[in-house]
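Breakdown of the fold
Listed here are the chains, written in short residue letters.
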Amino acid sequence: MDALMPNYRRYPVRMVRGRGVYLYDEAERDYLDFTSGIGVTALGHAHPAVTAALSEQAGRLVHCSNLYEIPVQEAVAERLSLLFGGGRAFFCNSGAEANEAALKLARRYQYRRGQTDRTEWVALEGGFHGRTFGALSVTPRPAYQEGFTPLVPGARIIDPADPAALDAVGPRTAGVLIEVIQGEGGVRPLDPGFVRALAEKARAEGALLMVDEVQTGMGRTGRFFAYEHYGLDPDVVTMAKALANGVPVGAVIARPEVAEAFSPGSHGSTFGGNPLAMAAAQVVIDTVSAPEFLARVEQVGGILRERLQAVAARVPGGAVVRGRGLMWGLRPHAAGVAEKIVAAALEERLLLTAVGDQTVRFLPPLIVTPADIDAAMTRLDRALAKVAA
Ligand SMILES: *Cc1c(COP(=O)(O)O)cnc(C)c1O
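Criteria and cut-off values
Residues numbered from 1 in each chain as written. Predicted model: local features only at pLDDT ≥ 70, side-chain atom pairs only at ≥ 80, totals over all residues. Heavy atoms only, no water. Near = heavy atom within 4 Å. Polar contact = N/O pair within 3.5 Å; in protein donor to acceptor, adjacent residues only side chain to side chain. Areas by Shrake-Rupley, 256 points an atom, 1.4 Å probe, with all protein chains shown as cover. Helix = DSSP H or I, 4+ residues; strand = E, 2+ residues; numbered from the N terminus. Nonpolar A, V, L, I, M, F, W, Y, C, P; charged D, E, K, R; others polar. Pairing = 2+ DSSP bridges. Axes fitted to C-alpha atoms, helices over the stretch in contact; angles between N-to-C directions. Contact = heavy atoms within 4.5 Å. Patch = residues over 30% accessible without salt bridge, like charges linked within 9 Å, V, L, I, M, F, W, Y side chains within 5 Å. Salt bridge = Lys/Arg side-chain N within 4 Å of Asp/Glu carboxyl O. Lys, Arg positive; Asp, Glu negative; His and termini not counted. Charge placed at Lys NZ, Arg CZ, Asp CG, Glu CD. Buried < 20%, exposed > 50% of the residue type's maximum accessible area, 1.4 Å probe, protein only. Left-handed = near helix turned anticlockwise from the far one by under 90°.

Observations concerning the site of the ligand
Lining the immediate environment of the ligand, one finds S94, G95, A96, N99, F128, H129, G130, E179, D212, V214, Q215 and K241. The separation between an oxygen atom of the ligand and a polar main-chain atom of G95 is 2.8 Å. A distance of 2.7 Å separates a nitrogen atom of the ligand from a polar side-chain atom of D212. Protein contacts shield 81% of the accessible area of the ligand, which totals 380 Å² for the unbound molecule. At 3 residues, helix α4 (residues 95–112) tops the list of elements feeding residues into the shell around the ligand. Within the shell around the ligand, the residues separate by chemical class into 3 nonpolar, 6 polar and 3 charged.

Re the sheet that holds strand β11 (residues 236–239)
Pairing is mixed in the open sheet, where 7 strands are placed in the order β4-β12-β11-β10-β7-β5-β6. Because the sheet does not close on itself, it has two edges, and the strands there are β4 (88–92) and β6 (155–158). Here the average twist between neighbouring strands, direction ignored, is 20°. Of the strand pairs in this sheet, strand β5 (residues 120–124) and strand β7 (residues 173–178) are connected by 4 bridges, and their pairing is parallel. Across the sheet, W121 pairs through a bridge with G175, a residue of β7. Contacting β5, β6, β7 and β10 (208–212), helix α7 (residues 192–205) runs over the sheet at an angle of about 160° to β7.

Structural notes on a negative patch on the surface
Together, E125, D159, D162 and D167 make up a negatively charged patch on the protein surface. On the basis of relative accessible area, D167 is assigned to the exposed category, the value being 63%.

With respect to the side chain of R361
Among the structural elements, R361 can be located in strand β17 (residues 359–362). Reaching out from R361, the side chain makes a polar contact with the side chain of Q215 at a distance of 2.8 Å. Contact partners of R361, with chain neighbours within four places excluded, come to F34, I38, G183, E184, V187, Q215, W328, L352, T353 and V355.

Concerning unusual backbone geometry
Residue P150 is reached from T149 by a cis peptide bond, and omega for that bond is 0°. Tracing the sequence through the fold places P150 in the loop between α6 (142–145) and β6. Residue V187 is not a glycine yet carries a positive backbone phi of 50°. One can find V187 in the loop between β8 (181–182) and β9 (188–189). Of note, R349 is a non-glycine position whose phi angle comes to about 60°, a positive value. Along the chain, R349 falls in the loop between α11 (337–347) and β15 (350–351).

A few points about the environment of D117
By the element assignment, D117 lies in the loop between α4 and β5. As a C-alpha pair, D117 and F128 span 11 residues in sequence and 26 Å in three-dimensional space.

Here we look at the sheet that holds β15
Strand order in the open sheet formed by 4 strands is β1-β2-β3-β15, with mixed pairing between adjacent strands. Bordering the open sheet on either side are β1 (15–19) and β15, each of which pairs with just one other strand. Two strands pair when backbone bridges link them, and β1 and strand β2 (residues 22–25) are joined in this way by 4 bridges, in the antiparallel orientation. Across the sheet, M15 pairs through a bridge with D25, a residue of β2.

What to know about the pattern of salt bridges
Within the structure shown, the criterion is met by 20 salt bridges. Of the charged contacts, one joins R379 and D30 as a salt bridge, the two residues approaching to 3.0 Å between their closest N and O atoms. One end of the pair, R379, is in helix α12 (residues 370–388); the other, D30, is in strand β3 (residues 30–33), with 349 residues separating them in the sequence. For E348, the salt bridge is made with R382, and the minimal N-O distance between the two is 2.9 Å. You can see E348 sitting in the loop between α11 and β15 and its partner R382 sitting in helix α12, a full 34 residues away along the chain. For E348, a relative accessible area of 12% puts it in the buried group. Overlapping salt bridges, with partners in common, bring together R203, D235, R255 and E257 in one network.

Focus on the packing of helix α3 (residues 71–84) against helix α9 (residues 275–288)
Running from N to C, α3 and α9 point in directions that differ by 35°, and their axes come no closer than 9 Å. Note on packing geometry: the crossing formed by α3 with α9 is left-handed. Each of V72, Q73, A75, V76, R79, L80 and L83 in α3 lies in contact with α9, whose residues at this interface are P275, M278, A279, A281, Q282, I285 and D286. Of the residues in the contact of α3 with α9, the class split is 10 nonpolar, 2 polar and 2 charged.

As structure tokens, then:
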């Protein structure tokens, strides 16, 4: 451990393998994984079709660079374009990189159409977009930004609860970047009225509407993209996390007129869109975009929601439940309770995370069954008994 930088606060549990909704430690103890590696392993651990695609691709071609055409990258882009409603894709290796590319694309798009004063990005309080400098600059969390200034100029942060906030979107705005359900911010769905007003203001002002679907995308909320619940028609969407079920990948998709701003040489990534990640992404997209699969996410998600609402009544001091599909937050009214629940759940071998706004987050794999939810609730009940004691 001393050989690693101390930037993570790790639980003293040593995972060595996974299968479906379970992780196993060195002593073969099972842990019910309701984090999915922070929204990544949407198809569960060691999913047979993903494993087969990766094995096959690893034996064929892992990397050749974007100097050449890559058939499987084009195949993934075509699928995403269809789901987005007509767009062109850029591939990278993480969520931060995808947002970094989107922020650059917004400036470049405005620059190329002569709007050289449009250099600002508008983003929201409670949002999370990543740790690289651009992404960090639009992630207004003091704990993440402290000691890293100066950040990238041009970030305007607005409060989604403030009606006057939309005034920030104007003649200097290149693009607006939002998560429709703020994941790291505490599983907080944005108010639909606010989202609609923000989208309309962006369009009216000539700013791009960019939706960060790094956590909410790939079927997590019961639609392939969470923005579909809000009836949005974004110009740019970013993805990562679940897109290749654990193989590092990020993606940006943009309307063709916007995508054209990235002319040859203007942006790039050595690993981005490599055949290995693309082979996994293809399986994930084909699986989760099936209407029956998405309907099942809604249905099983409804079961989880009901169970959590029953749990909320037993949380010391009470709690609220918020989210959509298979993305849920349990927010105790009392301070400090969320961390206690997560720690007690780990003792019961139920994996959860505490996120912003003192919220316990539930992100089970999308393949979770009602029986798995039963098992999780049994462990959660034991954890809650400890917290209450
Ligand atoms: C996790 C996350 C990111 C950052 O992704 P990394 O792969 O960790 O860089 C960006 N945006 C959202 C909404 C996220 O949840």
